[in-house]
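Working through the structure, step by step
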Amino acid sequence: MSRLRFLAAAAFFLLALDAFPPSMAAARAQQLSPDYYADVCPNLESIVRDAVRMSVAHSPVAAPATLRLFFHDCAVRGCDASIMLINPDGDDEWRSLDGMTLKPEGFNTVMSAKAAVDSDPQCRNMVSCADILALAARDSVFLSGGPDYQVELGRYDGRVSTRDSVVIPHGTFNLDQLNAFFSGLGLSQADMIALSGAHTIGAASCGFFGYRVVSGADDAAMDPAFAEQLRGTCPAGGGFAFLDGATPLGFDNEYYRNLRGGRGLLGSDQALYADPRSRGAVDRYAADQEGFFDDFAAAMTRLGRVGVRTAEDGEIRRDCRFPN
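So, a few notes on the structure that sits alongside this text. (Residues numbered from 1 in each chain as written. Predicted model: local features only at pLDDT ≥ 70, side-chain atom pairs only at ≥ 80, totals over all residues. Heavy atoms only, no water.)

Side note on empty space enclosed by the protein
The full count for this structure, using the stated rule, is 1 cavity of 30 Å³ or more. Estimates place the volume of the largest cavity at around 80 Å³. Lining the largest cavity are F70, A134, Y149, Q150, V151, E152, R155, M300, T301 and G304. Its residues assigned to classes, the lining of the largest cavity comprises 5 nonpolar, 3 polar and 2 charged. (1 Å grid on protein atoms, 1.4 Å probe; cavity = no way out; pocket = protein on both sides within 12 Å on 5 of 7 lines; lining within 4 Å. Points joined across faces, edges and corners; volume = space filled by probe spheres on them. Nonpolar A, V, L, I, M, F, W, Y, C, P; charged D, E, K, R; others polar.)

Next comes the structure, spelled out in structure tokens:
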């Protein structure tokens, strides 16, 4: 993404956030509660977890794809499942350049969980797609070996999704650019570093990191042996690599250990260790997996409060792909 395009998109996103002044955003977040559906859909969490478990068993891509889908949703228009919407004219988030990198397994996981929830007559059309996505993201983490944390519920679904609203961090970002983006979400550098640990599962195509290993590239932050390995991974015309090559399917703290050894796949990941302002947090998480789990869960909770919608400006979609 060019600097001009990033600044324009960031300005658009910040204007969208201005629609929710701090006092209103805080009030909307207060509507969230882990027990929000206790009376109307008491078995919600077990229904969603069982559905996610089936999706993960069917495809190892499902867990990282669902987790990434949640971040993309919250980072663009707030946590309102707008990433799921399909517009007839093609002007929607998932068909933006960044949205098209999302894997179908993530969408399918949410749709399967939605179908499972609605198969219970007590729950049918009572639970928002935004909340199902939040639960599915948590369960994707847990079923991959990560923390099992409480999810605040009570979000309503948005009605709007546009390509031009999409702006997310890119693999070329440095620490200042990452902090600027997450600050726009109301999140801190500490939150950003903890959330970056989601890259302990999943993969990236060579187009996102190949510039670091092409002939003539001199990336001093990258382990030379790792660079050589990646050159063999990225033949002309394609290829991919795991974001955490040590334990690619396990949610753990190996991501941070990789960064200490210069084996961060994306430039934006390795920047967390290359920059002394964030290196200490990487060292802490590399040495303390439980500490990472605790901070990741807390950061996911704060992320889940971004751009929360209410019955006044949202709805509970009958079909996650279309407004009612």
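Text resumes after the structure shown.
A closer look at the state of the cysteines
In total, this model carries 4 disulfides according to the counting rule given. In this model C41 forms its disulfide with C123; the gap between the sulfur atoms is 2.0 Å. Residues C41 and C123 share a disulfide whose torsion about the S-S bond is about 90°; that sign makes it right-handed. Highlighted residues: C41 in the loop between α2 (22-30) and α3 (44-58) and C123 in the loop between α5 (104-118) and α6 (129-143), separated in sequence by 82 residues. (Disulfide = S-S within 2.5 Å. Helix = DSSP H or I, 4+ residues; strand = E, 2+ residues; numbered from the N terminus.)

Digging into helix α7 (residues 175-184)
All buried positions along α7 are accounted for by L175, L178, F181, F182 and G184. The distance from a side-chain oxygen at the start of α7 to the backbone nitrogen of D176 is 3.1 Å, and the residue carrying that oxygen is N174. Directly beyond the C-terminal end of α7, a positive phi value near 85° is found at G186. (Buried < 20%, exposed > 50% of the residue type's maximum accessible area, 1.4 Å probe, protein only. Polar contact = N/O pair within 3.5 Å; in protein donor to acceptor, adjacent residues only side chain to side chain.)

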